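Here is what each chain is made of, one letter per residue.
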Amino acid sequence: MNSQNRSLQASGVSKSFTSGDVTTAVLNRVDFAASASALTLICGPSGSGKSTLLAILSGLLQPDAGDVHSLGTELSSVSGAQRVDHRREHTGFIFQGFNLFPALTALEQVLLPLHYLGMRGGRAEDHARAMLSQVGLDHRLHFRPAQLSGGEQQRVAIARALAKRPKLLFADEPTSALDSHSGAAVITLLHGVAKQHGTTVVCVSHDPRLIDHADHVYRMEDGQVSPRCPDPGQTQ
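The structure presented is a predicted model; accordingly, all values stated were derived computationally and were not measured.

S.K.: Summarise the side chain of K15; cite the residues concerned and give the values.
M.R.: Mapped onto the elements of the fold, K15 is located in strand β1 (residues 6-19). Accessibility expressed as a relative area gives 11% for K15, which makes it buried. A polar contact of 3.5 Å, which involves the side chain of K15, links it to the side chain of D64. Not counting chain neighbours up to four residues away, the residues in contact with K15 comprise T24, A25, V26, L27, T52, I56, L61, Q62, P63 and D64.

Encoded structure:
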């Protein structure tokens, strides 16, 4: 990976959590890099620290040691308010459980972050409709989550994350609740987002189906990463 193209880079990142008298080291001097226009996958078994690393890379969590440079900003050197601004302006999130609001339609789900950004009225609705059309849901605009399949709910979540055209897109186990057909559609969509919009897409997963679709793959185990991944059957 060309260092000049790296939009996201972590160096020597460590993180531990303490519960009572017990301290558990989750990340141990992790180095990581991702570039624009590419889907970078962090694969490995459950409990290996993937989601913790994703939270640190996105600025949701501060490391105990090490640095994260995101779009030229060193996240540990700025205030909490500045990190919030950075996330709001530059990042999108796709969560494992979709995180959709049960009472809102697909269109309303996508409109919500646009309202937070100050986009209102017809302009916001046209943009939200375009995002849902991009993920193949223009015929489901007024459906609520309970009326959608798992794959459709995930695509609503992706449209919501893409609505503000983020430079960084973080996905936490985006296919774990999906069947093979829906999972393949989501993977293809994420890869297309990276290529079409120049987005830096970082995905963590233990799903071996993602490996062949990723541009760069990191293997994570025991709190450490290496820039390679074994055969899919070994990622379970």
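S.K.: I'd like to hear about unusual backbone geometry, residue by residue, with values.
M.R.: Trans is the common state for peptide bonds, and a negative phi is the common state for residues other than glycine. The phi dihedral of N99 falls on the positive side, at around 55°, and the residue is not glycine. Following the sequence through the fold, N99 ends up in the loop between β6 (91-94) and α3 (106-116). With phi around 50°, E173 is a residue other than glycine that occupies positive phi space. Examined against the element boundaries, E173 turns out to sit in the loop between β7 (168-172) and α6 (180-197).

S.K.: So what's going on with the sheet that holds strand β2 (residues 22-35)? Residues and values would help.
M.R.: In spatial order, the strands read β2-β1-β4-β5; together these 4 strands make up an open sheet with antiparallel pairing. Because the sheet does not close on itself, it has two edges, and the strands there are β2 and β5 (73-74). As paired strands, β1 and strand β4 (residues 65-70) are joined by 5 bridges and run antiparallel to one another. If you follow S14 over to β4, its bridge partner there is A65.

S.K.: Which residues make up the packing of aromatic side chains, and what values go with them?
M.R.: Counting across every chain of the model gives 3 aromatic pairs. Measuring from centroid to centroid gives 4.7 Å for F32 and Y218, while their planes differ by 45°, and the two rings are tilted. Taken as a pair, F32 in strand β2 and Y218 in strand β9 (residues 216-221) lie far apart in primary sequence, 186 residues in all. The two residues F32 and Y218 agree in class, both being buried. Stacked on the ring of F143, the Lys or Arg R140 has its end atom at 4.9 Å from the ring centre.

S.K.: Could you give an account of the pattern of salt bridges, with specific residues and numbers?
M.R.: Taken as a whole and judged by the stated rule, the model has 8 salt bridges. A salt bridge links E125 to R129; its shortest N-O distance comes to 3.1 Å. Taken together, the residues E125 and R129, both in helix α4 (residues 121-134) and 4 residues apart, mark about one turn of the helix. For the salt bridge of E221 with R219, the shortest nitrogen-to-oxygen distance reads 3.1 Å. You can call E221 partly exposed: its relative accessible area is 39%.

S.K.: Which residues make up the nonpolar core, and what values go with them?
M.R.: Ranked by size, the top nonpolar core spans 42 residues in total, and within it L41, L132, I158, L169 and L190 carry the most contacts. Every element with two or more residues in this core is listed here: β3 (38-43), α3, α4, α5 (150-162), β7, α6 and β8 (200-205). The contact partners of L169, leaving out residues within four places of it in the chain, are G92, F93, I94, A161, L162, L190, V193, T199, T200, V201 and V202. Residues A33, I42, L168 and M220 belong to the second largest nonpolar core, which totals 23 residues.

Calculation rules
- Residues numbered from 1 in each chain as written.
- Predicted model: local features only at pLDDT ≥ 70, side-chain atom pairs only at ≥ 80, totals over all residues.
- Heavy atoms only, no water.
- Helix = DSSP H or I, 4+ residues; strand = E, 2+ residues; numbered from the N terminus.
- Buried < 20%, exposed > 50% of the residue type's maximum accessible area, 1.4 Å probe, protein only.
- Polar contact = N/O pair within 3.5 Å; in protein donor to acceptor, adjacent residues only side chain to side chain.
- Contact = heavy atoms within 4.5 Å.
- Pairing = 2+ DSSP bridges.
- Phe/Tyr/Trp six-rings, centres within 6.5 Å; stacked < 30°, edge-to-face > 60°.
- Lys NZ or Arg CZ within 6 Å of the ring centre and 35° of its normal.
- Salt bridge = Lys/Arg side-chain N within 4 Å of Asp/Glu carboxyl O.
- Core = buried A, V, L, I, M, F, W, Y, C linked by side-chain atoms within 4.5 Å.

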